Number of protein chains: 2
Amino acid sequence: MAFNLLNEIQKRIVVFDGAMGTLLLEKGLVREVCPESLNITHGDVIQEIHTRYIEAGARVVQSNTFGANRIKLKEWGLESRVEEINTLALTYARKACGNNAVAAASIGPTGKILEPAGSFTFEEALDVFREQIRGVLKGGAQAIIIETMSQLNEARAALIAARELTNLPVICTMTFEKNSRTLMGTEAAAAALVLQSLGADIIGVNCSLGPGELINVVHEMYQVASVPILVQPNAGIPVMEGGQTLYPVGPEEFARLCINLIEAGAGAVGGCCGTTPEHIRALTEATRGLKPPKIAGKRITALTSSTTPLFITETLPVRVIGERINPTGRKDLSEEIKRGIPDGILREAVEQRQAGADILDVNVGVPGIDERAFMERAVREIQKLVDVPLCIDSSNPEAIEGGLKAFCGKALVNSVNGKEESLDAVLPLVKKYGACCIGLTIDERGIPENAEERFQIAKKIIERAGMMGIPREDIIIDCLTLTAGTHQSQVEETLKAIRMVKAYLGNPTALGVSNISFGLPKRDLLNATFLALALGAGLDLPIINPLSKEMMNTVKAFDVLSSRDRASERYIKLFSQNLPEKKQIESHTHPDSEADLGKTL
Amino acid sequence: MAFNLLNEIQKRIVVFDGAMGTLLLEKGLVREVCPESLNITHGDVIQEIHTRYIEAGARVVQSNTFGANRIKLKEWGLESRVEEINTLALTYARKACGNNAVAAASIGPTGKILEPAGSFTFEEALDVFREQIRGVLKGGAQAIIIETMSQLNEARAALIAARELTNLPVICTMTFEKNSRTLMGTEAAAAALVLQSLGADIIGVNCSLGPGELINVVHEMYQVASVPILVQPNAGIPVMEGGQTLYPVGPEEFARLCINLIEAGAGAVGGCCGTTPEHIRALTEATRGLKPPKIAGKRITALTSSTTPLFITETLPVRVIGERINPTGRKDLSEEIKRGIPDGILREAVEQRQAGADILDVNVGVPGIDERAFMERAVREIQKLVDVPLCIDSSNPEAIEGGLKAFCGKALVNSVNGKEESLDAVLPLVKKYGACCIGLTIDERGIPENAEERFQIAKKIIERAGMMGIPREDIIIDCLTLTAGTHQSQVEETLKAIRMVKAYLGNPTALGVSNISFGLPKRDLLNATFLALALGAGLDLPIINPLSKEMMNTVKAFDVLSSRDRASERYIKLFSQNLPEKKQIESHTHPDSEADLGKTL
Ligand SMILES: [Zn+2]
Ligand SMILES: [Zn+2]
Ligand SMILES: [Zn+2]
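Residues numbered from 1 in each chain as written. Chains lettered and ligands numbered in written order. Predicted model: local features only at pLDDT ≥ 70, side-chain atom pairs only at ≥ 80, totals over all residues. Heavy atoms only, no water.

**Quick word on the overall build of chain A**
Scanning chain A for helices and strands turns up 24 helices and 20 strands. Compactness check: chain A gives a C-alpha radius of gyration of 27 Å against a globular reference of 25 Å for 601 residues, within 12% of the reference. Once the C-alpha set of chain A is aligned to its principal axes, its extents read approximately 105 × 50 × 45 Å. Taking all 601 residues of chain A together, 61% fall into the buried category. Taking the contacts inside chain A whose residues are at least 6 apart along the sequence as the reference set, 74% of them involve residues at least 24 apart. For chain A, the computed accessible surface area is about 22900 Å², with 50% contributed by carbon and sulfur atoms. One way to put it: in chain A the 64 positive side-chain charges average out to a point 2 Å from where the 74 negative ones average out. (Helix = DSSP H or I, 4+ residues; strand = E, 2+ residues; numbered from the N terminus. Rg over C-alpha atoms; globule rule 2.2 N^0.38 Å. Buried < 20%, exposed > 50% of the residue type's maximum accessible area, 1.4 Å probe, protein only. Contact = heavy atoms within 4.5 Å. Areas by Shrake-Rupley, 256 points an atom, 1.4 Å probe, with all protein chains shown as cover. Lys, Arg positive; Asp, Glu negative; His and termini not counted. Charge placed at Lys NZ, Arg CZ, Asp CG, Glu CD.)

**What about the coordination of the zinc ion (ligand 3)?**
All names here are of chain B. The protein atoms that coordinate the zinc ion (ligand 3) are C207 (SG), N234 (OD1), C272 (SG) and C273 (SG), at distances spanning 2.1 to 2.8 Å. Around the zinc ion (ligand 3) sit four donor atoms; with metal-centred angles ranging over 90 to 127 degrees, the donor geometry is tetrahedral. When the donor residues of the zinc ion (ligand 3) are listed from N- to C-terminus, their spacing reads C-x26-N-x37-C-C. Here the residue C207 occupies a position in strand β6 (residues 202-207), and C272 occupies one in the loop between β10 (268-269) and α12 (277-287), the gap between them amounting to 65 residues. (Donors = N, O, S within 2.8 Å, 3.2 Å for Na, K, Ca; no water. Tetrahedral: all angles 85-135°; square planar, octahedral: opposite > 155°, others 65-115°.)

**Here's the deal with the domain arrangement of chain A**
How big an interface is tends to be reported as the loss of accessible area on association of its parts. All names here are of chain A. In terms of domain boundaries, chain A breaks down into domain 1 (12-287) and domain 2 (301-567). Spacing between the C-alpha centres of domain 1 and domain 2 amounts to 38 Å. The interface is formed by 22 residues belonging to domain 1 together with 20 residues belonging to domain 2. Taken over both partners, the interface formed by domain 1 and domain 2 buries close to 1600 Å², and the fraction arising from carbon and sulfur atoms is 61%. Looking at the side of domain 1 facing domain 2, the largest losses of area belong to P116, R156 and S197, adding up to 30% of the total buried there. Our count for the domain 1 to domain 2 interface comes out at three salt bridges. The salt bridge involving K405 is made with E123; its shortest N-O contact spans 2.5 Å. Inspection of the domain 1/domain 2 interface yields eight residue pairs in polar contact (both at pLDDT 80 or more). Contributing elements (two or more residues each) for the side of domain 1 that touches domain 2: α7 (122-138), α8 (152-165) and α9 (188-197). Residues of the side of domain 1 that touches domain 2, tallied by class, amount to 12 nonpolar, four polar and six charged. (Domains from an automatic or database assignment. Buried area = accessible area lost by both parts, 1.4 Å probe. Salt bridge = Lys/Arg side-chain N within 4 Å of Asp/Glu carboxyl O. Polar contact = N/O pair within 3.5 Å; in protein donor to acceptor, adjacent residues only side chain to side chain. Nonpolar A, V, L, I, M, F, W, Y, C, P; charged D, E, K, R; others polar.)

**Describing the pairing of strand β11 (residues 301-304) of chain B**
Residues and elements named next belong to chain B. Here β11 shows no split at all, with T301 and L303 on one side and A302 and T304 on the other all buried. The pairing of β11 with strand β12 (residues 309-312) spans four bridges and is antiparallel. Considered in β12, the bridge of T304 is made with P309. Here β11 folds back onto β12 in antiparallel fashion, the turn holding four residues. (Pairing = 2+ DSSP bridges.)

**Side note on the sheet that holds strand β16 (residues 412-417) of chain A**
Residues and elements named next belong to chain A. Taken together, eight strands build a closed barrel; the order of strands is β13-β14-β15-β16-β17-β18-β19-β20 and the barrel is parallel. On average, adjacent strands in this sheet sit at an angle of 30 degrees to one another, irrespective of strand direction. By the bridge criterion, three bridges tie strand β13 (residues 321-325) to strand β14 (residues 359-362) in an arrangement that is parallel. Among the inter-strand pairings, I321 is bridged to a residue of β14, identified as I359. Contacts between helix α15 (residues 371-385) and the sheet are confined to β13, β14 and β15 (390-393), with β15 contributing the most and set at about 170 degrees to the helix. (Axes fitted to C-alpha atoms, helices over the stretch in contact; angles between N-to-C directions.)

**Points about the sheet that holds strand β19 (residues 509-512) of chain B**
Residue and element names in this part refer to chain B. Overall, parallel pairing links the eight strands, which are arranged β13-β14-β15-β16-β17-β18-β19-β20 in a closed barrel. On average, each strand axis in the sheet is inclined to that of its neighbour by 30 degrees, with strand direction left out of account. Sheet topology note: the β19/strand β20 (residues 541-544) ladder contains three bridges and is parallel. Among the inter-strand pairings, A510 is bridged to a residue of β20, identified as L541. Across the sheet, helix α15 (residues 371-385) is in contact with β13 (321-325), β14 (359-362) and β15 (390-393); its angle to β15 comes to roughly 170 degrees. Of the strands in this sheet, β18 (475-478) and β19 touch helix α19 (residues 490-505), which is tilted by about 165 degrees from β19.

**Focus: the packing of aromatic side chains**
Residues and elements named next belong to chain B. This structure, assessed with the given rule, holds four aromatic pairs over all chains. For the ring pair F455 and Y504, a centre distance of 6.0 Å and an interplane angle of 80 degrees mean the geometry is edge-to-face. A residue pair is termed long-range when its members are at least 10 positions apart, and F455 in helix α18 (residues 451-467) and Y504 in helix α19 qualify at 49 residues. With relative accessibility at 8%, the residue F455 sits in the buried group. (Phe/Tyr/Trp six-rings, centres within 6.5 Å; stacked < 30°, edge-to-face > 60°.)

**Digging into the environment of I475(B)**
All names here are of chain B. Topologically, I475 is positioned in strand β18. For I475, a relative accessible area of 0% corresponds to the buried category. Once residues within four sequence positions are removed from consideration, I475 is found in contact with C437, I461, I462, A465, I470, N507 and P508.

**Here's the deal with the nonpolar core**
Soluble globular proteins: nonpolar side chains tend toward being buried together. I146(A), I382(A), I146(B) and I382(B) are the most contacted members of the largest nonpolar core, which has 342 residues in total. Residues in contact with I146(B), not counting those within four places in the same chain, are I107(B), A158(B), L159(B), A162(B), V170(B), I171(B), C172(B) and T173(B). Counting residues in hydrophobic clusters, the runner-up holds 16 residues, among them C391(A), L412(A), C436(A) and L480(A). (Core = buried A, V, L, I, M, F, W, Y, C linked by side-chain atoms within 4.5 Å.)

**Quick notes on helix α20 (residues 523-537) of chain A**
Residue and element names in this part refer to chain A. Helix length check: α20, at 15 residues, gives a terminal C-alpha distance of 21 Å against a target of 21 Å (1.5 Å per residue), a fit within 8%. For α20, the tally of buried residues reaches 14 of 15 residues, placing the bulk of the element in the interior. Positive backbone phi, approximately 125 degrees, marks G538, located one or two places after α20. (Expected span 1.5 Å × (residues − 1).)

**Let's talk about unusual backbone geometry**
For the peptide bond that leads from N414(A) to S415(A), omega is 20 degrees, which places it in the cis range. Within the secondary structure, S415(A) is located in strand β16. The residue after E115(B), namely P116(B), is reached through a cis peptide bond having omega 0 degrees. Mapped onto the fold, P116(B) is located in the loop between β3 (102-107) and α7 (122-138). One non-glycine residue, C207(A), lies in the positive phi region at around 60 degrees. The phi dihedral of S208(A) falls on the positive side, at around 65 degrees, and the residue is not glycine.

**Considerations on helix α16 (residues 397-406) of chain A**
Residue and element names in this part refer to chain A. Burial runs high along α16: eight of the 10 residues are buried. Every buried residue of α16 is accounted for by A399, I400, E401, G402, G403, L404, K405 and A406. Elements in contact with the buried residues of α16: α7, α8, α15, β15, β16 and α17 (420-432). Here α16 starts with a cap whose side-chain oxygen sits 2.8 Å from the backbone nitrogen of E398, and that cap is N396.

**A few points about the side chain of E115(A)**
Residue and element names in this part refer to chain A. Assignment of secondary structure puts E115 in the loop between β3 (102-107) and α7. There is a polar contact of 2.9 Å between the side chain of E115 and the backbone nitrogen of F122. Excluding residues that lie within four positions of it along the chain, E115 makes contacts with F120, T121, F122, N153 and R380.

**Here's the deal with the packing of α7(A) against α8(A)**
Residues and elements named next belong to chain A. It is at 8 Å that the axes of α7 and α8 come closest, and there the two elements cross at 45 degrees. Taken together, α7 and α8 sit at an angle that is classed as oblique. In the packing of α7 onto α8, the handedness of the crossing is right-handed. Contacts from F122, A125, L126, F129, R130, I133, R134 and L137 of α7 reach α8 at N153, E154, R156, A157, A158, I160, A161, A162, E164 and L165. Residues belonging to the contact of α7 with α8 are distributed by class as follows: 12 nonpolar, one polar and five charged. (Parallel < 35°, antiparallel > 145°, perpendicular 65-115°, else oblique. Left-handed = near helix turned anticlockwise from the far one by under 90°.)

Here it is as C-alpha cells:
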C-alpha cells in the first residue's frame, strides 16, 4: 500500500480525488449508459481518470462503484454482475494507484427508502451492501468509502456490513441540506455520533453543497468527533446555463474555501460533483504542510435519536429514562404484548415523552412470545412516534440485537453485568451496533453488599468493554439498589458506590430508583428523597416513572441546585405561573393552629 | 494537699466519707439545733467525725456546711453568719485532713423552688451560692462538692457560682427517684450532660436511695459522661421501727453493692444518710486495688431540655431546628414583641413542636426593645410550655447571655462566627453556660465563595473554642447558603463545605435551608430537594420551617434511607394509614392519556 491512511491523517491533511462522473461526461461516456458498466467496457478510461487525480495530488481515489449495488444495477439489467463490476473497478483503481495512492471502494446509496420511513428493510439493505463489499474486497480495495448517504439508516446498514466483512479503513460521509441536517432531518452531530460508534474510521460530508456552505456541518461534527473528518464538497451549488448544469466554483476559490473547512475541523478534503483534477491540484497546493485539526481525547457520553443527539454530562440537565414500557407486574401490557398488539406500549411512549422523559426504556419480556420479533417491532413503532433515544432492555441477547438493529440512532442497552456469560453475549452487540450500555454491578455472586465490591465489578465491565473497543464513556454504571424495607443498610452502599464510580472512574451512572421503596408506605416520598440523594451522589440517568410528579420535580429542582439549569431558566419558566410565594407559605400553616394551641395551653 | 483529686480518680477508686448527721445524732447533738451552728459551738466534735472517716479510709471529707447558706441559716436566725460558719467548718475539716485527705466544701440546696417552676430567681440563687462559696474558700476548701440537688436549675446556679469563683475541683451530685429521674423529672443523662458542660469535674448521685437502687442512674450517666462519676448512696431505703428511722444496709452489704455501681461506671464512692465510718471502712477494703471505669474519649454532641437529652449523631434521626420564632420579616411577631407580649412566640413554639421540631430557635431581635430582658422572658415562658432544647439566637451577646442563663438545660447558641469580635464575645458565654454553639463560616471578609475557605473558618472556630475549653463536639458548623437565584454556582460550594467538615473535622453541621430558594418560584420543591442534598452531604441539624410538610417529609424519608430510622419503624407508623400503594400509583397516570395519545397519533 502507498501509505497507512489512518496514520497519515493524524499527521497531515489528506487530499482525496474529485468527481468521476464529470470527467466521464466530458468524454461523452455516461449518457444513456450505466456508469459502472464502464468498468467492463472502458476500464482504460476509468484508470486514466484515477491517474489524472493522482497526478493532481490525490492520495485517495474512489473506485467507479458508486452505484454498483444490486438495486441500482437492476435498473440496467446488470443485477447479476455485482461482483464482477466491483472487482473490475477496484482492479483499475489499484492499477492507477500503484504505490502512490490508496484505492478506496466507493459505496453509494441504493436509492430505496429504508424502514421505518419506507418499506425497504434494514436486513435487505445489509444484504445488498454485503454483496457489493464482498466484490470490492475481492478486487483489492484498500479502504471502503460509504458516501453520499442521505438516510442515516442506510449509512448504518452499509457501515455494519463493511465492519462485518473487513478491518480495512472504513470512511462514511453523508449529505446535508442547507440547515445542516440530512434530508430526513438528522443533525450533523447525531450523524457523526452514530457513524463513529458503528466503527467508521473517518466520518464526514460529501456532495450536498459547495465548500462555502458546509462549514456548519463540519463544525457540528467536529464538536463530537472522535475520528477525523473528511469533506468532499461539490464545486459550488450548480446553476443552469443554456440547458447545461454548471458548477460555479473554480479550482482556486474551491481550495481557498476548503481551508475554512479545515479550520472548522476537517482533516481530509476532496471534491464531489463538478470538481476536476484542477480543483484537486489547487487543493493539494493549498493544503501542503497544513496540520490536521486535533481530535478531542476526552469525550462526552451521548446517545441519539434518528435525528438528534442527547448529551449526558454534568453541565446539562439530568436525563430521565422512562421506565414504564415494561410488562413486569403490569397485566394490561403483558396481555397486549402476548397478543402482539403494541398499543399499550405506544401509549406509554407518548405519555412518558410528554411528561419529560429524555430516553425511553423498552422492555417487552413476556414469557412465551418471540421477544426478538416483538422488540424489533416495538422499537420501530415507537421510533415513528417519538424522537428520543431508546434503551433496549432485555435479558435475552437475541432480543437486544433485534432492538439495536431496528433502532436508527445511537441506542442504550440495558444491560450487561459482571457475569462472564453476560459480558460475552452483550458486549459484542454493543460494539457492533455502536450503542452505549448500562453495566450492572452484579456478578456470579449476586449483588455485593458493599460499595467497594460493586465498584470492582463496574471497573471490570469497563475494562472488558475497552478490550472490545467500546469507549469507556459509552459504559454507564448502574450501582443497583435494593429496597430499604429489607436492606436498609445497603442504601448507603449504593450511594457510596455511585460516589466511587464518579470519583475514580468518571463514568456516567444510571439507577432504577423506585425499587428503594418497595414494600414501604408513601413510596413517592421515599422515591423522590432517594432520587435527590442519588443525584447528589452523582447519578446521571435516573430510571424512573416520569409520570411521578414528585420525582420529575426533584430532577428539575436538582438541575437548578447543581447549576445544570443555567440561571434557573427552565425552572422559572416551568413554575413561575404558580401562586405567588407568600400564598404558598400561608397554605402550610396549620389551619387549626389557634384551636390546637388552646388545647395545649 | 494530700493528693491531686482529679489525677487520683484517673488511677484508682476514690473513697469519700459518709454521713455527718448520723454521727451527730448518735451524740445527741442535732435535735432542735442548726447542724451548721455546731461549727461554732462544737468544732472539736466536727473535727473528730472527719478524723474517724479518714481513719476508716476516706480520702475526701465533706465539710459540715450542707445547709450553711443564707436561706437555710435564716431558719435559725443565723443568716448574717454565713461566712463565719463556712470558714470555721472548713478550718476543722482541713485540720482533720492534714496531708491524709482532701477537704471538700459541701454545698447543699436552699430549699427554695427555683424559676421557672417556682418564684425563687436564678439570680437570687446565684447570689446565695456565691456568698457561701466565698466562705468555704476563705476557710481553705480544697474542693467544692455541690450535693443532694434535686432541681437541675439550682445545681446550675451553684455550679456557675462555683466556677465563677474558683479553679478548684468542683463536684456536683444530684438526687434521683426510683425512676432514675429527679423529683422534677430530669433524666440522669440530661443531668450529667448539663453538669459536666457547666464545668463540674466530677458528677454523680448522692442520697436518693440505697446502693442497690442507683445502678440505673449511674449507668445512664456513664453513657454520656466525659468526667468521672461519684456515687454516695444512703445505707438503703430507711424503715421506721419503733418510732426510729433505721437504715437497713450494713457495712459489708453496702460495700458489696457499691462494687456493682463501680462496674456500672462510678469512679468514686462514699456514703450518705445512714452510713457510718464502718461503711466507709468496708468500702475502703472492697475497693482497694480496683481500677476506675474508663471515661469515653470520643463524645457525642448532645443538647438537653430541662428533663431530657437530645443526642445529635448519625445513628439517630435527624434533629430539626424550628426557625419560626423570628420576627425578621414577620410584622405580627415584631409588633407583639415590641409591645412585650410573648403570645405569638408561644403559639409558634407549640405549633412547631407539634409539627415535629426537635429544637426551637428563639430570635426576638426587634429594634428598640430590651432584647436581653425579652429573650430571658421568652426562654422562660417557652420552657414552661414545651420540653425541648432551645437555640438562643441573637447577634447581641447580652441577649445571648440572658437566654442562656434563663434556659434550664444544655442550650444551643446561634451563633458565633469567624470574626474576632464574635469569637471574643460569644465563646466565653458558651463556655460559662455549658452550651453548644453554631459556628458560621463567615468572617471579616464575608462568606467565602469557595468551600475550602469556609472549611478554614470552621476549623478556626473549633480551634478557638478548644482553647477556651469548649469540647469540639459542642461546636456545630453552619456552612451557610445563599440563594440559588443569585448565587447558583455556590450551592455546590455549600454542599462541598459540609462534606469537608464531616470528613476532616467530624463536627455536626447545621444549615438554614430555605434561603436557597429566595426569589425563585415553587420554593418548597427547591427547599425539600436542597434539604435532601444537604442531608446527603452530611447535614445534621436543618434549620427549617417545621410546618412545611415537604421538608419534614424529606427528613422522615432521609431517616429511613440513612438507617437513622431503624427498620423504618417511625416511617411506617407515620404513613401506613395512607392509601394502599396501588391507588397511589394509579393517581399518577395521566387521566386524559387515551385522548392525548389519539391527538399525537
Ligand atoms: Zn456530488
Ligand atoms: Zn461524489
Ligand atoms: Zn442522704
